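Examining the three-dimensional arrangement
Now for the letters of each chain:
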Amino acid sequence: MTLLEFSRGPMLHAALVIFVFGVLWRLTTVLLLGWRKHYSEARNPTARAVTGGLIAVGNRSWPHPEFIGRTAFGEAVGYGYHIGLFAIVLLGAPHVVFWKNLFGINASWWYTLPSGIISVISIVTIFLMLIATIRRMRHPPLRRISNFDDWFSLVILYVLMISGVMAVFGIGGRYEIILAIHIISFNALLIWFPFSKLMHAFYIFPSRFINGYMHEKKGAAS
Amino acid sequence: MTTATQTFSGNAAQLAPSEREEQAMASFAQQFGALAALNLESCIHCGMCADACHFYIATEDPKYTPILKAEPFKQAYRRESGAFAPFFKLFGLKKKVTADQLEDWQELLFDSCTQCGRCSLICPMGIEVADLIEAGRRGMAEAGLAPRELMDRARHQAETGAPEAPSRPYVEILADIGRDHGIEIPIDKPKADILVLAPRSDLEQSPAAVAAMIKVLSALKANYSFRSDALVAENYGYYAASRGLQRKITRRVVDAAKKLGASLVLVPECGHAYTALRWQAAEIIGEPLPFKVRHITEYLAGQLADGKLKLGQVDGSSYTFHDPCQLVRKGGVMDAPRALMDAMGVNLKELENKKGFSFCCGGGGGVNDIERARPLRYRAQEMKLREIDATGAEHFMTSCSDCRIAFNDAAEHFNWNKRPESLVELVAANIKE
């Protein structure tokens, strides 16, 4: 078995299993801790609180005007590379083929972007990741609260992104080896995901919703 | 309350390090629920909460990053209760929270957090950062590491009803306020619809604010009474983060309201008293309250809307208004102050950061009482005073006695040309009988 066969065969399957069960475990362990009953007289009825929760899911995607002056740069960079990653993963032709094969679907409607555009997006995304990394190293609060989770997640992401670009442009060695490194780094990302802060992809909406709901119950700012 | 004589800052109880660790862990564990877990798990370490915190903005010291203040609680969760806790424990990947670490965090959790909750509004993940910090404070209190100023007063209040031995009993002070202002103050009536509390700080330092509240209640012909066994509005158990003492102090008010047969407990101009009674009392005693809790401005705005409260117009002087965090941002008393000001035709010049986004007065969460915190508090307050000055308003008003104390102290320190005024006093002065 070649390295490439291993990366997209048994390693990928093992990584997917770890990813799925790990994510489910992380979510389940939170729920198992149980929700406390609240006894305070609510200011607003439940229906309004639910609406407040749903609004919070949306409006926390954009900073409140009171904060934007201090957070705009960090948010722009963060959004920039997240959008780039999503575009590459969901609209890059080789990745779409991968997803179709993985899920065994035809999905002829699945739109892909031309490879040239994906290449540009990839380079811009790496550049934005670099800015985010430098910011994490230099911005005092960010530097102070960063831990292994942050740095290791970034390392995996860099290897994944850079090996992908190298594979597309045919640089850095044999295509099969570079592609294998790219797939191995993707597998590593899947394995690392449930153990790391990457779980925010699953926590973000319940977290926003529940706190928005709780605030609206009290009529508090959200 | 800031007093010139207090000079102590230290630990509330002398415990062995291992005892501190055990007590803190037991408290943390009690608070590991799904909501806390979701808040802890969701953090992406973006550091944005620092950009909402007045202590970080004023000092640019990264140790004041709000989520960092919750670190002992977070660390305990990951080691003891998180999804991979056994794994972390087995391989020593998450260290035990140590007594030394807890001591290091005392300043971060108490001196440099007013529990204002502004950090919770900036978080892109929607994390309730302030609740995590509060959970950290609860653990510190059980470990005997709440500042002594707060814990001593909480103990005293739980035992006697007053946070400190007053120069004279509060009922006497209250009776004097009535005599001085020519109003009859009902104390210990056998039955009444409303139990009214008073800020201890106003009883001692701003009797006019207490008199104003009584004047409006009398004008409204409310059936109310103070109770000598539950007179003080503040709950030092909440400041000190002690669940046990907070519960005892809460119980005192709940029992007094029951004895009086009150259907409403009226919280005076005090933000933390409002949080402690409106949003935490039922949770801490574990059952719904047998009465409603309203802030005085909420109550007055309700009376205004019902047409029972008639207000005259103030002169054309300009005012700005500070929204107390516990009332507005965290408490939801969002519209009442402005409804009252509108009714009086107040020429309001809003602060740049207002309503839910207001910067804290700097003295909340017990910080007013922590002598050691004073220099740091002034740095945060300086920023707030500049914001007030930028409105160009002639008067500066708020609806919280704790905020007034903080601003009065800052005004003296900075030789500032304004003094905080009471919204209820303005209402009382403009009632149409």
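Residues numbered from 1 in each chain as written. Chains lettered and ligands numbered in written order. Predicted model: local features only at pLDDT ≥ 70, side-chain atom pairs only at ≥ 80, totals over all residues.

On to the overall build of chain A. Secondary structure summary: chain A contains 10 helices and zero strands in total. In chain A, the order of α-helices and β-strands from amino to carboxyl end is α-α-α-α-α-α-α-α-α-α. Seen through its C-alpha atoms, chain A measures out along the principal axes to roughly 65 × 40 × 40 Å. Of all 222 residues assigned to chain A, the portion counted as buried reaches 30%. Partitioning the intrachain contacts of chain A with sequence separation of at least 6 by distance along the chain shows that 75% fall at a separation of at least 24. (Helix = DSSP H or I, 4+ residues; strand = E, 2+ residues; numbered from the N terminus. Buried ≥ 20, exposed ≤ 12 C-beta atoms within 10 Å, placed from the backbone. Contact = placed C-beta atoms within 7 Å.)

With that out of the way, let us pick up the interface of chain B and chain A. Interface size is commonly expressed as the accessible area that is lost once the parts come together. Each partner contributes residues to the interface: chain B has 50 residues there, and chain A has 47 residues. Within the residue set of the side of chain B that touches chain A, elements represented by two or more residues are α2 (34-41), α4 (66-69), α8 (118-122) and α16 (271-285) of chain B.

Here we have four strands laid out as an open sheet, ordered β6-β5-β7-β8 (chain B), and parallel in their pairing. Both edges of this open sheet fall to β6 (347-348) and β8 (420-422) of chain B, since each of them pairs with a single strand only. (Pairing = 2+ DSSP bridges.)

Once that is clear, we can look at the domain arrangement of chain B. Residues and elements named next belong to chain B. Per the domain assignment, the segments making up chain B are domain 1 (17-146), domain 2 (150-305) and domain 3 (318-429). Computed over C-alpha atoms only, the centres of domain 2 and domain 3 are separated by 21 Å. With 28 residues of domain 2 at the interface, the matching set in domain 3 holds 29 residues. Put simply, the parts of the chain that give the side of domain 2 that touches domain 3 at least two residues each are α12 (200-205), α13 (207-219), α14 (236-240), α16 and α17 (296-305). Taken together, the residues of the side of domain 2 that touches domain 3 break down into 16 nonpolar, seven polar and five charged. (Domains from an automatic or database assignment. Nonpolar A, V, L, I, M, F, W, Y, C, P; charged D, E, K, R; others polar.)

With that settled, the discussion passes to unusual backbone geometry. A positive phi angle, near 45°, is found at A107(A), a position not held by glycine. Topologically, A107(A) is positioned in the loop between α5 (93-103) and α6 (115-138). With phi around 50°, K355(B) is a residue other than glycine that occupies positive phi space. With respect to the helices and strands, K355(B) occurs in the loop between β6 and α19 (374-391). By C-beta crowding, K355(B) is classed as partly exposed, having 17 other C-beta atoms within 10 Å.

The side chains of a regular strand alternate between both faces of the sheet. Residues and elements named next belong to chain B. Here strand β1 (residues 194-196) pairs with strand β3 (residues 264-267) via three bridges, running parallel. The residue of β3 that forms the bridge with V196 is L266. Here β3 runs beside strand β4 (residues 292-295); their pairing, made up of four bridges, is parallel. The residue of β4 that forms the bridge with L264 is K292.

Time to look at the nonpolar core. In this structure, V265(B) and V267(B) are the most contacted members of the largest nonpolar core, which totals 184 residues. What V265(B) contacts, discounting residues up to four positions off in sequence, is L195(B), L197(B), V253(B), A257(B), L277(B), F291(B) and V293(B). (Core = buried A, V, L, I, M, F, W, Y, C linked by C-beta atoms within 7 Å.)

Attention shifts here to the packing of helix α2 (residues 10-32) of chain A against helix α9 (residues 175-192) of chain A. Residues and elements named next belong to chain A. Here α2 crosses α9 at 20°, and the two axes come no closer than 8 Å. Regarding the angle of α2 to α9, the classification is roughly parallel. Crossing angle aside, the handedness with which α2 passes α9 is left-handed. Together, M11, L12, A15, L16, I18 and F19 of α2 and I183, I184, N187, L190 and I191 of α9 make up the contact between the two elements. For the contact of α2 with α9, a count of residues per class yields 10 nonpolar, one polar and no charged. (Axes fitted to C-alpha atoms, helices over the stretch in contact; angles between N-to-C directions. Parallel < 35°, antiparallel > 145°, perpendicular 65-115°, else oblique. Left-handed = near helix turned anticlockwise from the far one by under 90°.)

Moving on to helix α8 (residues 148-169) of chain A. All names here are of chain A. When the terminal C-alpha atoms of α8 are compared, their 31 Å separation across 22 residues agrees well with the 32 Å that a helix rising 1.5 Å per residue should span. Turning to α8, its buried residues number three or more, namely I156, L157, L160, M161, S163, G164, V165 and A167. Residues of α8 that are buried make contact with α6 and α9. Once α8 finishes, G170 follows within two positions and takes phi at roughly 65°, a positive value. (Expected span 1.5 Å × (residues − 1).)

By definition, the strands of a sheet pair up through backbone hydrogen bonds, in either a parallel or an antiparallel sense. Residues and elements named next belong to chain B. Reading across from one edge, β2-β1-β3-β4 is the order of the four strands in this open sheet, with parallel pairing throughout. Strands with a single pairing partner mark the edges of an open sheet, and in this sheet they are β2 (224-225) and β4. Along the sheet face, α16 touches β3 and β4 and points at about 160° away from the line of β3.

Residue and element names in this part refer to chain B. Of all 10 residues in helix α5 (residues 71-80), seven are buried; the element is thus mostly enclosed. P72, F73, K74, Q75, A76, Y77 and R79 are the residues of α5 that are buried. The inward-facing, buried residues of α5 abut α1 (17-30), α2, α6 (85-90), α7 (99-111) and α9 (129-142).

Take the environment of M213(B) next. Along the polypeptide, M213(B) turns up in helix α13. Excluding residues that lie within four positions of it along the chain, M213(B) makes contacts with P268(B), I296(B) and V424(B).

Looking at where W151(A) falls in the secondary structure, it is placed in helix α8. Sequence separation between W151(A) and M137(A) is 14 residues; the distance between their C-alpha atoms is 10.0 Å.

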